[in-house]
Amino acid sequence: SGKVVPLDILGFLNLLRRRWLWLVIPIIVAVAAAGTYSFSQPKVYTAKASSYFSIEFAQSASDLFQGANYTQLQLASFASLAEQPIVLDSVIQQLNLPITTAELARRVSVVASTDTVIVDIFAEAESPEASAEIANAINAELGKVVSRLSPQNAKGNPTVQAVVVSRATPPLEPSGPENRRNLGIGLLAGLLLGVLAAVSSEKLDTRVLSENDLPNGLTVLGSIVTDKDAS
């Protein structure tokens, strides 16, 4: 049968010292694989655009308060529209993007603040200019769609309006791939595999190299010291 792997910390560290090669090789392989994959991926740039949503009500303090609450409650619905075909289809046509609506939706993320009535739109693309262009187009189209879908007042005007408060500009640095994170994942995965390999190799090694390799309960009569210089 295999050896009994020690469970105490000192025994575990001694095991790793004896089987250091089994520990190191998986780490090197995993980090190299993660690095090769990460650095081979195309760079991705993320741009951000923001809009402020307001609702038209009477000028009394009570009506203004109700309007602010209504806008806050509807903000999540407004934000979700930015990832729907009703907005993205128009953006694809405006910019002549060679992608489908589903592909563009995967490149867009929207954040609706819980404390304000501002919606932030993040768009990813292969170039800084394209990411800013897509973010601004979605931001502008979202305002049009919300105004079109919102209730109308007595004059026939939309009660909810969106105002662009921040236009996207081409980012200076890429947002992906995240090389450090990927290398860290590779390191952790390699470390885990290395530990498993070291413990497994120790468990499966049936050689008796020292008294510690003998089963419990056996009496040792003597041991012969290995001398590499002996004839």
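### Describing the packing of helix α2 (residues 20-40) against helix α7 (residues 179-204)
Look at α2 against α7: their axes get within 7 Å of each other, and the N-to-C directions meet at 155°. In this view, α2 runs roughly antiparallel relative to α7, as classed from their interaxial angle. The interaxial crossing formed by α2 with α7 has right-handed handedness. Partitioning the contact of α2 with α7 into residue classes produces 15 nonpolar, eight polar and no charged.

### A look at unusual backbone geometry
A cis geometry characterises the amide bond from glycine 176 onward to proline 177, with omega recorded as 0°. A positive phi angle, near 55°, is found at asparagine 96, a position not held by glycine. As for its placement among the helices and strands, asparagine 96 is situated in the loop between α4 (85-95) and α5 (101-106). The exposed category is assigned to asparagine 96, whose relative accessible area is 65%.

### As for the confidence of the model for the chain
The share of residues in the chain with pLDDT of 70 or more is 89%, and the mean pLDDT across the chain is 85. When mean pLDDT is compared element by element in the chain, α4 scores highest at 96, while helix α3 (residues 61-81) scores lowest at 66.

### Re the pairing of strand β2 (residues 108-112)
Of the pairings in the sheet, the one linking β2 to strand β3 (residues 118-125) comprises five bridges and is antiparallel in character. Looking at the pairing, alanine 112 lines up with valine 119 of β3. Between β2 and β3, which pair antiparallel one after the other, the connecting turn spans five residues.

### Structural notes on the environment of valine 110
Position of valine 110 among the secondary structure elements: in strand β2. Expressed as a C-alpha distance, the spacing of valine 110 and serine 80, which sit 30 residues apart in the sequence, is 7.4 Å. When sequence neighbours within four positions are dropped, the list of residues in contact with valine 110 reads Ala79, Ala82, Glu83, Val119, Asp120 and Ile121.

### Comments concerning the sheet that holds strand β1 (residues 45-55)
Reading across the sheet, the four strands line up as β2-β3-β1-β4 and stay open at both edges, with antiparallel pairing between neighbours. Edge positions in the sheet fall to β2 and β4 (160-166), since each has one partner strand and no second. The sheet shows a mean angle of 25° between the axes of neighbouring strands, direction not considered. By the bridge criterion, six bridges tie β1 to β4 in an arrangement that is antiparallel.

### Some remarks on α4
Those residues of α4 lying buried are Val87, Leu88, Ser90, Val91, Ile92 and Leu95. One or two steps after α4, the chain reaches asparagine 96, where phi turns positive at roughly 55°.

What counts, and where the lines are drawn
Residues numbered from 1 in each chain as written. Predicted model: local features only at pLDDT ≥ 70, side-chain atom pairs only at ≥ 80, totals over all residues. Heavy atoms only, no water. Axes fitted to C-alpha atoms, helices over the stretch in contact; angles between N-to-C directions. Helix = DSSP H or I, 4+ residues; strand = E, 2+ residues; numbered from the N terminus. Parallel < 35°, antiparallel > 145°, perpendicular 65-115°, else oblique. Left-handed = near helix turned anticlockwise from the far one by under 90°. Nonpolar A, V, L, I, M, F, W, Y, C, P; charged D, E, K, R; others polar. Buried < 20%, exposed > 50% of the residue type's maximum accessible area, 1.4 Å probe, protein only. pLDDT = per-residue confidence, 0-100. Pairing = 2+ DSSP bridges. Contact = heavy atoms within 4.5 Å.

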